[in-house]
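What follows is the residue order along each chain.
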Amino acid sequence: MQYRHRLSIAGVLLIGPLLPMSALALDAPKERPILTISGKISAKNTSDTARFDMKMLEALPQHSLTTSTPWFDKPMKFTGPLLADVLAAVKARGTTVHAFAINDYNISIPITDTAKYPIIMARLINDKAISVREKGPLFVIYPFDSHAELRTSTYYERSIWQLKAMEIK
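Just so we're clear, the structure is a prediction, and the values are computed from it rather than from any experiment.

A. Highlighting the side chain of Asp53. Summarising the element assignment, Asp53 is placed in the loop between strand 2 (50-52) and helix 3 (54-59). One buried charged side chain, Asp53, makes no salt bridge at all; its nearest oppositely charged neighbour is Lys30, positioned 6.9 Å away. A distance of 2.9 Å separates the side chain of Asp53 from the backbone nitrogen of Glu31, its partner in a polar contact. Among the polar contacts made by the side chain of Asp53, one reaches the main-chain amide nitrogen of Lys55 at a distance of 3.2 Å. Apart from the residues within four sequence positions on either side, Asp53 is in contact with Pro29, Lys30, Glu31, Arg32, Pro33 and Ile34.

So, in structure tokens, the structure goes:
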């Protein structure tokens, strides 16, 4: 019994120093990455970035909201992780998200927005995956219907679609 106990303690001492490093690392994507995050982040899965495939984003807590937008003629249901949860997953520590789309559109989003509003990084619209042609695969969406102050060009411009990368500054 004492021998087994000593082995367990030895195992903890040998493995223990490895745990903090692996706990900080982000799993590597198993499929084609669709989102790359760089800049002021602490959790990475490459030497300088965090890359996510769709399954990694699906594994984060999912949220849905139905809202009207200028881009659709009726309210649509958007589903995906909160932008705040994605930033927490990479341990972001900046003040601004500089977001880039597939079509080279880019916009700055203050990180303070994520504390004020449940901003969703939508991967589904009306429960269906979003194709690139339909503004996907990722679409940042603010809760426009529940916060009247968001119905301005400032927040509509921050609702970037075809999101492919973010740099935290």
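Next comes the rest of the account.
B. Local environment of the pattern of salt bridges. Using the criterion set out here, one finds four salt bridges in the structure. Residues Asp127 and Lys77 are paired through a salt bridge, measuring 3.0 Å at the closest nitrogen-oxygen approach. With Asp127 in the loop between strand 8 (124-125) and strand 9 (128-129) and Lys77 in strand 4 (residues 76-80), the pair connects residues that are 50 residues apart, well separated along the chain. For Lys77, a relative accessible area of 26% puts it in the partly exposed group.

C. Region of interest: the sheet that holds strand 9. The four strands are arranged 3-4-8-9 in an open sheet whose pairing can be described as antiparallel. Each of the sheet's edge strands pairs with one partner strand only, and the pair in question is strand 3 (63-67) and strand 9. Relative to strand 9, strand 8 runs antiparallel, the two being bridged by two bridges. The partner of Leu124 across the bridge, within strand 9, is Ala129.

D. Main features of the packing of aromatic side chains. Inspection of the entire model under this criterion finds twelve aromatic pairs. Ring geometry for Trp71 and Tyr156: centres 5.8 Å apart, planes at 85°, overall edge-to-face. Of the two residues, Trp71 sits in the loop between strand 3 and strand 4 while Tyr156 sits in helix 6 (residues 153-158), which places them 85 residues apart along the sequence. Counting every residue linked through ring pairs, the aromatic cluster contains Trp71, Phe72, Phe78, Tyr117, Phe139, Tyr142, Phe144, Tyr155, Tyr156 and Trp161. Above the plane of the ring of Trp161 lies Lys135, whose end atom (NZ or CZ) is 4.5 Å from the centre.

E. The pairing of strand 11 (residues 163-168), seen in detail. Two elements, strand 1 (residues 35-39) and strand 11, share four bridges in a ladder whose sense is parallel. In the sheet register, Gly39 faces strand 11, and the bridge partner there is Ile168. As judged from the five bridges shared by strand 5 (residues 96-101) and strand 11, these two strands associate in the antiparallel manner. Within strand 11, the position partnered with Ala101 by the bridge is Leu163.

F. Region of the structure containing the pairing of strand 4. In terms of residue burial, strand 4 counts as a mostly covered element, since four of its five residues are buried. Pairing geometry for strand 3 and strand 4, over five bridges, is antiparallel. The residue bridging Ser64 from the neighbouring strand is Thr79, located in strand 4. Two strands pair when backbone bridges link them, and strand 4 and strand 8 are joined in this way by two bridges, in the antiparallel orientation. When the sheet's bridge partners are listed, Thr79 is paired in strand 8 with Leu124.

What counts and what doesn't
- Residues numbered from 1 in each chain as written.
- Predicted model: local features only at pLDDT ≥ 70, side-chain atom pairs only at ≥ 80, totals over all residues.
- Heavy atoms only, no water.
- Helix = DSSP H or I, 4+ residues; strand = E, 2+ residues; numbered from the N terminus.
- Buried < 20%, exposed > 50% of the residue type's maximum accessible area, 1.4 Å probe, protein only.
- Lys, Arg positive; Asp, Glu negative; His and termini not counted.
- Salt bridge = Lys/Arg side-chain N within 4 Å of Asp/Glu carboxyl O.
- Polar contact = N/O pair within 3.5 Å; in protein donor to acceptor, adjacent residues only side chain to side chain.
- Contact = heavy atoms within 4.5 Å.
- Pairing = 2+ DSSP bridges.
- Phe/Tyr/Trp six-rings, centres within 6.5 Å; stacked < 30°, edge-to-face > 60°.
- Lys NZ or Arg CZ within 6 Å of the ring centre and 35° of its normal.

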